[in-house]
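Understanding the architecture of this molecule
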Number of protein chains: 2
Amino acid sequence: MKRYEALAEELAESIASGQLRAGDRLPSVRESSRDRGISPSTVFEAYYLLEARGLIEARPRSGYFVRHAVASQPEPSASVPEMRERQVEVSELVFQVLGLARNRALTPLGSAFPSPMLFPLPRLALAMGKAARRLDPWRTVEDLSPGSAELRRQLGLRYLTSGCRVDADEVVITNGAMEALNLCLEVVTQPGDLVAIESPTFYGALQALERRGLKAVEVATHPRTGLDVDALASVLEKHPVKACWLMPNFQNPLGSLMPDEAKARLVALLARHQVPLIEDDVYGELYFSRRPRPAKAWDKTGLVLHCSSFSKSLAPGYRLGWTAAGRFAEAVARRKLMSTLATPVPIQEGLSEYLQRGGYDRHLRQLRQTLAQHRQQVLQAIARHFPAGTRATQPEGGYFVWVELPAEIDALALHQAALSEDISIAPGHLFSADHRFRHHLRINFGHPDHPRVEASIRALGRIAQAMNAREDSGGTRRSAGSSGSRHSSGTGAPFNEL
Amino acid sequence: MKRYEALAEELAESIASGQLRAGDRLPSVRESSRDRGISPSTVFEAYYLLEARGLIEARPRSGYFVRHAVASQPEPSASVPEMRERQVEVSELVFQVLGLARNRALTPLGSAFPSPMLFPLPRLALAMGKAARRLDPWRTVEDLSPGSAELRRQLGLRYLTSGCRVDADEVVITNGAMEALNLCLEVVTQPGDLVAIESPTFYGALQALERRGLKAVEVATHPRTGLDVDALASVLEKHPVKACWLMPNFQNPLGSLMPDEAKARLVALLARHQVPLIEDDVYGELYFSRRPRPAKAWDKTGLVLHCSSFSKSLAPGYRLGWTAAGRFAEAVARRKLMSTLATPVPIQEGLSEYLQRGGYDRHLRQLRQTLAQHRQQVLQAIARHFPAGTRATQPEGGYFVWVELPAEIDALALHQAALSEDISIAPGHLFSADHRFRHHLRINFGHPDHPRVEASIRALGRIAQAMNAREDSGGTRRSAGSSGSRHSSGTGAPFNEL
């Protein structure tokens, strides 16, 4: 950690512990520099970092002050799913809603991806070109699944920085995390098996379960600390769970982060039951304060299949993912040989070349600051424009906010109405097998054009207020949906039949 | 078709029809040029092409002569499978045998890939670099499954050159043909269903069936004309076949080519039974005389899912494949969204850039000549060195010869013994669900180092002769296997337990 990062960290902890309170003035850059015997530019960088994270603010000619907790919204309520076994059928809805989100004319608040402009694509292109020109032709045969030995070695090294020992032999290179997760699911389940997931959960997990013909049992979560381990323990007692698919770090859609202690309990619990954990950790690098350890760090029995990728942190569209699959590594590598054989060799070599050159960590620091800043802007915009009674998470990483609207507002109707104003959102219906999150939405803050994002959130707020008012005055809440035909997908059932 | 190609074609037909016979002298280049009113270089190019195909030979100071049919071996016998429903369990054996073939110290007669040295990798690298540098960042979101619109348009154009009309909307870009084939299988079957395949068949098809929990029924083939359509008709009458997975063009491992008339009957038969055809056409571009049409060319009902890739013809290791999936196109695109989401965008853009630049057809002409030449050399070497009674196919495209040894020789034992001399082969056991092809092997002639290939075939012949002699003198044929421990994989059961 650089000196300015250490200072920022120390101050952030003072704020978190309440030692420094909202409104407190920080020592000036000059004072801090003198008192601590460090350069003014180091202090300035630390303050800049804290400002970007939304913890302090500069007031002209007065200095730096600890901010009031930014978002005035309370947290969404903890989820209380039914925790019973359930067939999964969500894909049709997911395709209808997300197929629209590719349209670049829309403000992509519903997108699953951060803005592609946040990534070092020109540097990646140079690395790709160089690797392709130097490519030893025989690598096209040798880098089949489990993948390039050099790239797997580099991934093993990166695991060390996240506090996790992973042997390169355990790593299988895949086509994005999505393939890794699907292959892992294929290896640890048979069709008809039961899998425990979070409530709410990433719709991609639901689709993967549906594709393999698996049943789901949804487990309670807290919007800040994620999975309720006690609830999972009771599910494991009552149901024949064959695997868990969870996101301990910056869960999609909640943005929640499981504390270390909860991760340790989770891994121990699953080891006792001999249930494999498929750990989706694609947002782990996008932390705003400190790198969270994956649950894999506590794994002693090889039951944790940790899955990640560069798609959200470095190289969107390159589709380079991997899994550190513990005792299942060879089985996963073979499943890949049987399905997609190999991840493209120029992609493996290009990413390996990029990682060797260095620069990834510098890029990540920049990306984290940018995302932290957007989070503050988006949370403030939501506080300003959304109806009274709205709740929102305050994630410590990733780029999603989970919003709970007043119960009268139907998120699918809001989605339809928003489309007619060229805004996409991800309605809560997508995030559970029983479509229970009907007045929730996931908002992506990974897009840098803030004036446009702010205007879109204002527009969303206006639509939601209107729907709320109509509801109060006895109108049907579905009616707002009918104005959204401009962008309707034209495939399958209309949304309001759900 | 260029003028020299037309002339070569005309002469090849005269040879095929018997109008020109083995030993006949062709008119000299000067005579032909004068008689036909074409340039000497055109005649020379045509003769060169025919020579490469092994149809004529130059004798110093005498001119060009029609060759004696090169391979003196007869064709292997037509396959007569049991044609009953069968569980598929081949993967363990396939992984054991093929895991070894990645070792570049071995002469790769057992490899599934042609030599990577046969491909324009430097030109591809330039196209990749250029495409990556110019990449519009938003393409990383827009080129998700079904894939880049421009690349799909170009593939639609290429279909025209193979006598097949395919709409770009029907094309889904995949990670190699392997993913295309697996996705198609997923869309047209449910676990437990029955799929008709050729006997022998590509082990990758067997593995795909095994992975999805499907049963197989194997259908008789002829070593030159491939699938026996009448046999398939009778299978369809008796069994609840849900899909066919076939290779009408240059079948792996036979190298057989179904005549147009048989393809037309096949497609009509399946349309009557409303059974989808998954057509694996990865070798279609590697013809030695004329581009064969895919069965898809006769498809009127959208029941043919045509799958191919650039892996064998242009860009090994790039893992760019596709399917023209007829009425199943949208379902396939969605399955891909659920499993690997997208084929890497830089790969899609790089190949698209390469195709736009031109040069693919020039590369293909060169590649076809090279492969045709290797075929002759390998067939001659087999004729020279293998035991009496050996039979071999004479494929008109691709890079595989299917060899039937005397019945006493066990191909797995030969495989083990060959490994100890640093030679890989693909034993016939891999190519059917019941391991019935026990004295057969597939030989890859796609590797250009002919002296080494010839020496390896000589060594194989010597080993086979010895095994044959031992068998005659009462030794057990398994004993040869024990000398092959140097390269044994160390995973799972020893080969001779099969």
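On a predicted model such as this, the values are computed, not experimentally measured, just so you know.

Remarks on the overall build of chain A
Within chain A, the regular secondary structure consists of 16 helices and 18 strands. Whereas a compact globule of 498 residues would reach a radius of gyration of roughly 23 Å, chain A reaches 23 Å, a difference of no more than 12%. Dimensions of chain A, computed from C-alpha atoms along their principal axes, come out at roughly 65 × 60 × 45 Å. Expressed as a percentage of its 498 residues, the buried residues of chain A come to 64%. The long-range share in chain A, meaning contacts at least 24 apart out of those at least 6 apart in sequence, stands at 77%. Counting every atom, chain A has about 18,200 Å² of accessible surface; 49% of that belongs to carbon and sulfur. Here chain A contributes 61 positive and 54 negative side-chain charges, whose respective centroids are spaced 4 Å apart.

Section: the pattern of salt bridges
Residues and elements named next belong to chain B. Going through the model one piece at a time under the given rule, you end up with 75 salt bridges over all chains. With a closest N to O distance of 3.0 Å, glutamate 10 and arginine 36 form a salt bridge. Here glutamate 10, found in helix α1 (residues 3–17), pairs with arginine 36, found in helix α2 (residues 29–36); they are 26 residues apart in sequence, far enough to count as distant. Residue glutamate 330 pairs with arginine 334 through a salt bridge whose shortest N-O separation is 3.4 Å. Of this pair, glutamate 330 and arginine 334 are both found in helix α12 (residues 329–339), four residues apart, which corresponds to roughly one turn of the helix.

A word on the sheet that holds strand β10 (residues 241–246) of chain B
All names here are of chain B. One open sheet accounts for eight strands, arranged β3-β7-β6-β10-β11-β12-β13-β5; its pairing is mixed. The open sheet terminates on both sides in strands that have one partner only, identified here as β3 (86–87) and β5 (171–175). Summarising the sheet, strand β12 (residues 304–309) and strand β13 (residues 320–324) pair through four bridges and their orientation is antiparallel. Across the sheet, serine 308 pairs through a bridge with tryptophan 322, a residue of β13. Contacts between helix α10 (residues 229–238) and the sheet are confined to β6 (194–198), β7 (215–219) and β10, with β7 contributing the most and set at about 145 degrees to the helix. Across the sheet, α12 lies against β5, β12 and β13, angled at about 30 degrees from β5, the strand it touches most.

Observations regarding the interface of chain A and chain B
Listed by partner, the interface residues are 50 residues for chain A and 50 residues for chain B. At the boundary of chain A with chain B, total buried surface from both sides reaches about 5,200 Å², with 65% on carbon and sulfur atoms. When residues of chain A are sorted by the area they lose upon contact with chain B, A:Arg102, A:Arg211 and A:Met338 head the list and together hold 16% of the total. If you look at where chain A meets chain B, you find eight salt bridges. Counting the contacts that link chain A with chain B gives 16 residue pairs in polar contact (both at pLDDT 80 or more). Among the elements that take part in the side of chain A that touches chain B, helix α5 (residues 121–134) of chain A stands out by supplying six residues, more than any other. Residue classes in the side of chain A that touches chain B are distributed as 24 nonpolar, 13 polar and 13 charged.

Points about the packing of aromatic side chains
A complete count under the given rule lists 24 aromatic pairs over all chains for this structure. Here A:Tyr354 and A:Tyr360 contribute two aromatic rings whose centre-to-centre distance is 6.5 Å and whose plane-to-plane angle is 75 degrees, an arrangement assigned as edge-to-face. One exposure class covers both A:Tyr354 and A:Tyr360, and it is buried. Summarising the aromatic geometry, the rings of B:Tyr47 and B:Tyr64 are spaced 4.9 Å apart at their centres and angled 65 degrees between planes, so their arrangement reads as edge-to-face. Pair noted here: B:Tyr47 is in helix α3 (residues 40–52) and B:Tyr64 is in strand β2 (residues 63–66), with a separation of 17 residues, a long-range link. Here B:Tyr47 and B:Tyr64 have matching classes, each one buried. Grouped by ring-pair contacts, the aromatic residues A:Phe202, A:Tyr203, A:Trp402, A:Phe431 and A:Phe437 constitute a single cluster.

Quick look at the side chain of A:Glu353
Residues and elements named next belong to chain A. Mapped onto the elements, glutamate 353 comes out in helix α13 (residues 345–357). Residue glutamate 353 is classed as buried on the basis of its relative accessible area, which comes to 9%. Of the polar contacts made by the side chain of glutamate 353, one reaches the side chain of lysine 130; its length is 3.4 Å. Those residues in contact with glutamate 353, other than ones at most four positions away along the chain, are Ala127, Lys130, Ala131 and Arg134.

Some remarks on the relation of the copies chain A and chain B
For the pair chain A and chain B, the best superposition has an RMSD of 0.1 Å and corresponds to a rotation of 180 degrees with a translation of 0.0 Å parallel to the axis. Taken together, the rotation and translation relating the two chain copies correspond to the operation of a two-fold axis. Rotation axis and chain A: the residue whose C-alpha lies nearest the axis is A:Gly129, separated from it by 2.0 Å. Counting the interface residues of chain A, we find that 100% of their copies in chain B are interface residues as well, pointing to one common contact surface.

As for unusual backbone geometry
Here A:Asn252 and A:Pro253 are connected by a cis peptide whose omega angle stands at 15 degrees. Note that the residue after B:Ser145, namely B:Pro146, is joined by a cis bond; omega there is 10 degrees. One non-glycine residue, B:Gln274, adopts positive backbone phi at about 55 degrees. Considering the arrangement of structural elements, one finds B:Gln274 in the loop between α11 (260–273) and β11 (277–280). Overall, B:Gln274 belongs to the partly exposed group, its relative accessible area being 45%.

Some details on the domain arrangement of chain A
Residue and element names in this part refer to chain A. Domain boundaries in chain A define domain 1 (3–66), domain 2 (87–115 + 363–497) and domain 3 (119–360). At the junction of domain 1 with domain 2, the criterion picks out one salt bridge. Glutamate 5 serves as the salt-bridge partner of arginine 365, at 4.0 Å between the closest nitrogen and oxygen. For the pair domain 1 and domain 2, the interface holds zero residue pairs in polar contact (both at pLDDT 80 or more). Top element by residues in the side of domain 1 that touches domain 2 is helix α3 (residues 40–52). It accounts for three residues. The residue makeup of the side of domain 1 that touches domain 2, split by class, is four nonpolar, one polar and two charged.

About the cut-offs
Residues numbered from 1 in each chain as written. Chains lettered and ligands numbered in written order. Predicted model: local features only at pLDDT ≥ 70, side-chain atom pairs only at ≥ 80, totals over all residues. Heavy atoms only, no water. Helix = DSSP H or I, 4+ residues; strand = E, 2+ residues; numbered from the N terminus. Rg over C-alpha atoms; globule rule 2.2 N^0.38 Å. Buried < 20%, exposed > 50% of the residue type's maximum accessible area, 1.4 Å probe, protein only. Contact = heavy atoms within 4.5 Å. Areas by Shrake-Rupley, 256 points an atom, 1.4 Å probe, with all protein chains shown as cover. Lys, Arg positive; Asp, Glu negative; His and termini not counted. Charge placed at Lys NZ, Arg CZ, Asp CG, Glu CD. Salt bridge = Lys/Arg side-chain N within 4 Å of Asp/Glu carboxyl O. Pairing = 2+ DSSP bridges. Axes fitted to C-alpha atoms, helices over the stretch in contact; angles between N-to-C directions. Buried area = accessible area lost by both parts, 1.4 Å probe. Polar contact = N/O pair within 3.5 Å; in protein donor to acceptor, adjacent residues only side chain to side chain. Nonpolar A, V, L, I, M, F, W, Y, C, P; charged D, E, K, R; others polar. Phe/Tyr/Trp six-rings, centres within 6.5 Å; stacked < 30°, edge-to-face > 60°. Least-squares fit on C-alpha atoms with pLDDT ≥ 70 in both. Domains from an automatic or database assignment.

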